[in-house]
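# A structural walkthrough
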Amino acid sequence: MDAEFVIVGGGVHGLATAYHLALGGAASVTVLEAGVVASGASGGFGERGVRANRRDLRELPLMAEANSLWPTLHEELGAPTGYRRTGGVYLIDGPASTGFKGLDAAEVYAKAHRGLGVVAEVWDRRRVEREYPGISPAVQGASFVQTDGVASHAKTTEAYAQAARRLGVQVVEQTHVADLEVDAAGRVRAVITAQGERIRVGREVLLANNTGVRDLVLAAAGQELPLWSVYPQALRLRSLVAPQIPMLTGHETRPLSVKVLGDELMLSGGWRGRATPAGGVPDEERIRGNIAVLEAVFPYLTGLEVVDADVSRAESASVDQIPIIGRCGPNLSVATGWSGHGWAIAPVVARHLATMLLHDSRSALLAPFSPDRFH
Ligand SMILES: Cc1cc2nc3c(=O)[nH]c(=O)nc-3n(C[C@H](O)[C@H](O)[C@H](O)COP(=O)(O)OP(=O)(O)OC[C@H]3O[C@@H](n4cnc5c(N)ncnc54)[C@H](O)[C@@H]3O)c2cc1C
């Protein structure tokens, strides 16, 4: 099982990077996954937002490129991704109260989007009412991005796994990486599994194991990445009344993100499960809080029934809420710290990261996310 490139983590980032490494000519690539493919944040029910709207400005160029990849990604991978371009809206309550929020800030973001060729508009109350009949009178406007949409995270991750395997990548499940063997010069020589197996590393190790990256980097490179584990709350709801929510919808100041899945709703928006040493645990109060925000913004949605509440999928959050991508040692790279929005950019991060690793080059698009920014 020795390999030129060893990747830890079989989520979307590990598998997509493995696919691009193999496509780019890597001699051998092995992905080691503790559970099964997509058993972390890249799995579970529903859809993930493919959203540029209100994204950190440093991530916008990545999203502009991702927008051109998502519509045909299923053709490239030869399997469905469930991608749908719905358009995306961020609802805004009231006019600007500070420089950070409100309709004035929305204009700034829309201009930044348009500069990258993305169709973005600021809507007034009348336009919002037309698209969202029955919405709360508190909503005074919205930012709209035409190219936003949703994709099935489980299907896309599986599609990357299949495409990578077809190119000869070994995807090894039920294999937890417990340690990295490092020589005196700081090079990772081997990856050690929990079963005691030693997998020799020909060239590079990529840690794409999300919340598990921090501990492995600390042990192998002595670097403390400013990362924490969070357990995002995702609810599946049934509503007695048909929701008039035509797009991927978030709210600028209220913790709300909602997608319509057939006759159900998927609700999230920054709420989290309770963190325990054993993982995320659902918290009744936070579930009720999440639903109360939905009802406040869409007052006609009554009789909502919780079908499922998932807080089991750990996600890494970085201190500055943008990813950490790049080298932490001579042949040790990381891709982590997604802070709840690592899904949409995965296809483009993987392309650029694979090129960097194959050619030992730099990527201007990934430069803002380098671990070097912390020291
Ligand atoms: C509920 C929820 C909603 C989200 N919504 C959005 C959204 O709308 N838009 C968006 O852009 N992003 C969203 N995200 C974030 C996005 O899903 C994640 O950023 C992305 O899936 C992370 O992918 P990954 O491959 O880095 O990590 P993961 O999918 O977590 O994969 C890491 C893998 O590593 C494995 N692993 C861990 N430790 C080890 C080890 N020591 N050895 C071997 N394997 C190991 C795990 O089992 C796991 O399968 C959401 C996340 C959640 C949880």
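Residues numbered from 1 in each chain as written. Predicted model: local features only at pLDDT ≥ 70, side-chain atom pairs only at ≥ 80, totals over all residues. Heavy atoms only, no water.

## What about helix α4 (residues 102–115)?
End to end, α4 covers 20 Å across 14 residues, agreeing with the expected 20 Å (1.5 Å per residue, within 8%). Listing the buried residues of α4 in full gives Gly102, Ala105, Ala106, Ala110 and His113. One side of α4 holds all its buried residues, which, seen down the axis, span an arc of 145 degrees. Seen from the buried face of α4, the exposed residues on the opposite side, beyond 90 degrees, are Asp104, Val108, Lys111 and Gly115. Those residues of α4 that are buried are in contact with α2 (60–69), β4 (88–93), β5 (120–124) and β6 (139–145). Just past α4, the residue Gly117 takes up positive phi, approximately 85 degrees. (Helix = DSSP H or I, 4+ residues; strand = E, 2+ residues; numbered from the N terminus. Expected span 1.5 Å × (residues − 1). Buried < 20%, exposed > 50% of the residue type's maximum accessible area, 1.4 Å probe, protein only. Arc of directions from axis to C-beta. Contact = heavy atoms within 4.5 Å.)

## Structural notes on the packing of helix α1 (residues 12–23) against helix α9 (residues 346–359)
Following both chains from N to C, one finds α1 and α9 inclined at 50 degrees, their axes separated by 8 Å at the closest point. As judged from the angle between their axes, α1 and α9 are oblique. Here α1 and α9 pass one another in a crossing that is right-handed. For the pair formed by α1 and α9, the contact residues are Val12, His13, Ala16, Thr17, His20 and Leu21 on the first element and Ala346, Pro347, Val349, Ala350, Arg351, Leu353, Ala354, Leu357 and Leu358 on the second. (Axes fitted to C-alpha atoms, helices over the stretch in contact; angles between N-to-C directions. Parallel < 35°, antiparallel > 145°, perpendicular 65-115°, else oblique. Left-handed = near helix turned anticlockwise from the far one by under 90°.)

## Observations regarding the site of the ligand
Surveying the vicinity of the ligand reveals 33 residues, the closest of which are Glu33, Ser42, Gly49, Val177 and Glu315. Asn209 has a polar side-chain atom sitting 3.4 Å from a nitrogen atom of the ligand. A distance of 3.3 Å separates an oxygen atom of the ligand from a polar atom in the backbone of Gly342. Against a free-state accessible area of 1,000 Å², the protein chains account for coverage of 91% of the ligand. Its residues assigned to classes, the shell around the ligand comprises twelve nonpolar, 15 polar and six charged. (Near = heavy atom within 4 Å. Polar contact = N/O pair within 3.5 Å; in protein donor to acceptor, adjacent residues only side chain to side chain. Areas by Shrake-Rupley, 256 points an atom, 1.4 Å probe, with all protein chains shown as cover. Nonpolar A, V, L, I, M, F, W, Y, C, P; charged D, E, K, R; others polar.)

## Remarks on the packing of α2 against α9
Where α2 contacts α9, the two axes come as close as 8 Å, and the packing angle between them is 105 degrees. Between α2 and α9, the angle falls in the class roughly perpendicular. Across the interface between the two elements, Leu62, Glu65, Ala66 and Leu69 from α2 touch Pro347, Val348, Val349, Arg351 and His352 from α9. Partitioned by chemical class, the residues of the contact of α2 with α9 number six nonpolar, one polar and two charged.

## Observations regarding the pattern of salt bridges
Once their charged atoms are close, side chains differing in charge can pair, the charge on each being opposite to the other. Under the counting rule described, the total for this entry stands at 24 salt bridges. Of the charged contacts, one joins Asp93 and Arg254 as a salt bridge, the two residues approaching to 3.0 Å between their closest N and O atoms. Residue Asp93 is located in strand β4, and its partner Arg254 is located in the loop between β14 (248–251) and β15 (257–261); the two are separated by 161 residues in the primary sequence. Between Glu264 and Arg236 there is a salt bridge; the shortest N-O distance is 2.8 Å. Of this pair, Glu264 sits in strand β16 (residues 264–268) while Arg236 sits in strand β13 (residues 234–238), placing them 28 residues apart in sequence. We classify Glu264 as buried; its relative accessible area is 12%. Each of Arg236, Arg238, Glu264 and Glu305 takes part in salt bridges that share partners, so that together they form one network. (Salt bridge = Lys/Arg side-chain N within 4 Å of Asp/Glu carboxyl O.)

## Quick word on the sheet that holds β14
Across the sheet, eight strands lie side by side as β5-β6-β4-β14-β15-β16-β13-β19; this open sheet has mixed pairing. Whereas interior strands pair on both sides, the edge strands pair on one side only; in this sheet they are β5 and β19 (305–310). Ignoring which end each strand starts from, the neighbouring axes of this sheet average 20 degrees apart. Strand direction decides the pairing type here: β13 and β16, joined by four bridges, are antiparallel. Among the inter-strand pairings, Arg236 is bridged to a residue of β16, identified as Met266. Seen against the sheet, α4 touches β4, β5 and β6 and runs at an angle of roughly 155 degrees to β5. (Pairing = 2+ DSSP bridges.)

## Focus on the domain arrangement of the chain
Assigned domains within the chain: domain 1 (2–47 + 154–226 + 319–374) and domain 2 (88–146 + 232–312). Placing a centre on the C-alpha atoms of domain 1 and another on those of domain 2 gives a separation of 31 Å. (Domains from an automatic or database assignment.)

## Observations concerning the packing of aromatic side chains
Scanning all chains against the criterion turns up six aromatic pairs. A centroid spacing of 5.8 Å and a plane angle of 40 degrees characterise the contact between Trp70 and Trp343, whose relative ring orientation is tilted. Highlighted residues: Trp70 in the loop between α2 and α3 (73–77) and Trp343 in the loop between β22 (332–336) and α9, separated in sequence by 273 residues. By relative accessible area, Trp70 is classed as buried at 1%. On the basis of relative accessibility, which here comes to 7%, the residue Trp343 falls in the buried class. Sitting over the face of the ring of Trp123, Arg127 holds its NZ or CZ atom 4.2 Å from the ring centroid. One residue, Arg236, lies across the ring of Phe45, its end atom 5.9 Å from the ring centre. (Phe/Tyr/Trp six-rings, centres within 6.5 Å; stacked < 30°, edge-to-face > 60°. Lys NZ or Arg CZ within 6 Å of the ring centre and 35° of its normal.)

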